[in-house]
Structure formats: structure tokens, C-alpha cells
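Residues per chain, in single letters:
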Amino acid sequence: MWHVVTHRETTARRAELAARQQAEESGRRAVAEAVAGALPGARIEEQYRRTWIIWQHDVRPPGERGPVQVDSVTVLVGASGEGVQAEVSGRPSSVISMLAAFAEEAVRE
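To start, this report covers the structure provided alongside it. What you are looking at is a predicted structure, and each value in this text was computed from that prediction instead of being measured.

**Here we look at the side chain of Glu 24**
Consideration 1: Secondary-structure assignment places Glu 24 in helix H1 (residues 2–38).
Consideration 2: With relative accessibility at 16%, the residue Glu 24 sits in the buried group.
Consideration 3: Once residues lying within four places of it in the same chain are set aside, the contact partners of Glu 24 are Arg 49, Ala 79 and Ser 80.

Okay, structure coming up:
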């Protein structure tokens, strides 16, 4: 009898853990897809319980030679999709525009 109860408890715990992991993955995936949708051409990289969205844009006109100038955004979506962390770099005008858009959206909420 003891082994049956232990097995049932173990099975229930495994099912609960699998359901929690599936919910986390779904939340993380939904946020990652929304972020990637806002950054055309972004790529998504999965790591254990984390998702990275990486977007880079060469700001030089086509065919222009010289040093590469890249605007980039890297976003880390946490395990459950409840939070994100972003790193932005590039030309000051691009970064300022991104921050201004972020601030405008935050004020509307």
C-alpha cells in the first residue's frame, strides 16, 4: 500500500510540474512572439527557460562602404514571460526614438 501512495503522489507531482513548465513555456513564447513581431527580421533563440530576441539593422544605405553602423535590440524574456529585460544600442537618434516610443506607451497605460 505504501508504494502505491508514493507512486500516485510522485505521478501527481510530475504532472503538476509538467503543467507548470508548459504554462511557463506558453507565456514565454507569447511574449517572445509579440516582441519579435515589433522588430521585423528579429531572430528568436531559445535557452533553458529563457528566450532571447535579437534584432540588428545596418543603418548604412545599400551599397555604401565604410564602417558598419548597426542599431540593435536584444531582449531577454524570463522563465514565465512575466518580465523582459532589454538592451538597446546604436546611433543616438535611434536609441532616443526607441526610448521616446517606450515612454509614450507607458504614459498611455
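Now that the structure has been shown, we can carry on.
**Quick word on the layout of surface pockets**
Consideration 1: What the largest pocket holds in volume is close to 510 Å³.
Consideration 2: As for the largest pocket, its lining consists of 15 residues, of which Val 73, Val 75, Ala 86, Val 88 and Phe 102 are closest to the centre.
Consideration 3: For the lining of the largest pocket, the elements supplying multiple residues, two or more each, are H1, strand S3 (70–77), strand S4 (84–89) and helix H2 (92–108).
Consideration 4: A per-element tally of the lining of the largest pocket places H1 first, with five residues.
Consideration 5: A class-by-class count of the residues in the lining of the largest pocket yields 15 nonpolar, no polar and no charged.

**Focus: the sheet that holds strand S2 (residues 50–58)**
Consideration 1: Read from one edge to the other, the open sheet built from four strands follows the order S1-S2-S3-S4, with strand pairing classed as antiparallel. In this open sheet, the two edge strands, each paired with only one partner strand, are strand S1 (43–47) and S4. For this sheet, the mean inter-axis angle between neighbouring strands, taken without regard to orientation, is 15°.
Consideration 2: Of the pairings in the sheet, the one linking S2 to S3 comprises eight bridges and is antiparallel in character. Bridge pairing links Trp 55 to Val 73 in S3.

**Overview of the environment of Arg 43**
Consideration 1: With respect to the helices and strands, the residue Arg 43 is situated in strand S1.
Consideration 2: By relative accessible area, which is 43% here, Arg 43 ends up partly exposed.
Consideration 3: Contact partners of Arg 43, with chain neighbours within four places excluded, come to Trp 52, Ile 53 and Ile 54.
Consideration 4: Polar side-chain contacts of Arg 43 include one of 3.0 Å to the side chain of Glu 45.

**A look at the pattern of salt bridges**
Consideration 1: Per the stated rule, a full pass over the model turns up five salt bridges.
Consideration 2: Measuring nitrogen to oxygen at the nearest pair gives 3.0 Å for the salt bridge that ties Glu 45 to Arg 43.
Consideration 3: Residue class for Glu 45 comes out partly exposed when judged on its relative accessible area of 31%.
Consideration 4: For Asp 71, the salt bridge goes to Arg 91, with nearest N and O atoms at 2.9 Å. With Asp 71 in strand S3 and Arg 91 in the loop between S4 and H2, this pair connects stretches of sequence that are 20 residues apart.
Consideration 5: According to the relative accessible area criterion, Arg 91 is partly exposed, its value standing at 34%.

So, how was this worked out
- Throughout, a residue's number is its position along its own chain's written sequence, starting from 1.
- Only residues with pLDDT of 70 or above have their local features reported here, since the model is predicted, and side-chain atom pairs are shown and tallied only from 80 upward, although totals for entire chains, interfaces and linings are computed over all residues.
- Where side-chain values are given, they derive from all heavy atoms of the structure, hydrogens and water being excluded.
- Note on conventions: DSSP H or I runs of at least 4 residues are helices, E runs of at least 2 residues are strands, and numbering of each starts at the N terminus.
- Note on classification: 1.4 Å probe, protein chains only; a residue is buried when its accessible area is under 20% of the maximum for its type, exposed when over 50%, partly exposed between these limits.
- The contact rule is simple, with two residues in contact once any of their heavy atoms fall within 4.5 Å.
- Detection works on a 1 Å grid of protein atoms alone, calling trapped sets that fit a 1.4 Å probe cavities and calling open sets with protein on both sides within 12 Å along at least five of seven lines pockets, with lining residues defined by an atom within 4 Å of a point.
- Grid points are joined across faces, edges and corners, and a volume is the space filled by probe spheres set on the points.
- Under this grouping Gly is polar, as are all residues other than the nonpolar Ala, Val, Leu, Ile, Met, Phe, Trp, Tyr, Cys and Pro and the charged Asp, Glu, Lys and Arg.
- Being paired, for any two strands, means DSSP has found at least two bridges between them.
- The convention used is that axes are lines fitted to C-alpha atoms, helices contributing only their stretch in contact, and that angles between N-to-C directions extend from 0 to 180 degrees.
- Residues adjacent in sequence count toward polar contacts only when both atoms are side-chain atoms; beyond that, a polar contact is any pair of N or O atoms within 3.5 Å, and within protein one must be able to donate a hydrogen and the other to accept it.
- Salt bridge, as used here: a side-chain nitrogen of Lys or Arg that lies within 4 Å of a carboxyl oxygen of Asp or Glu.

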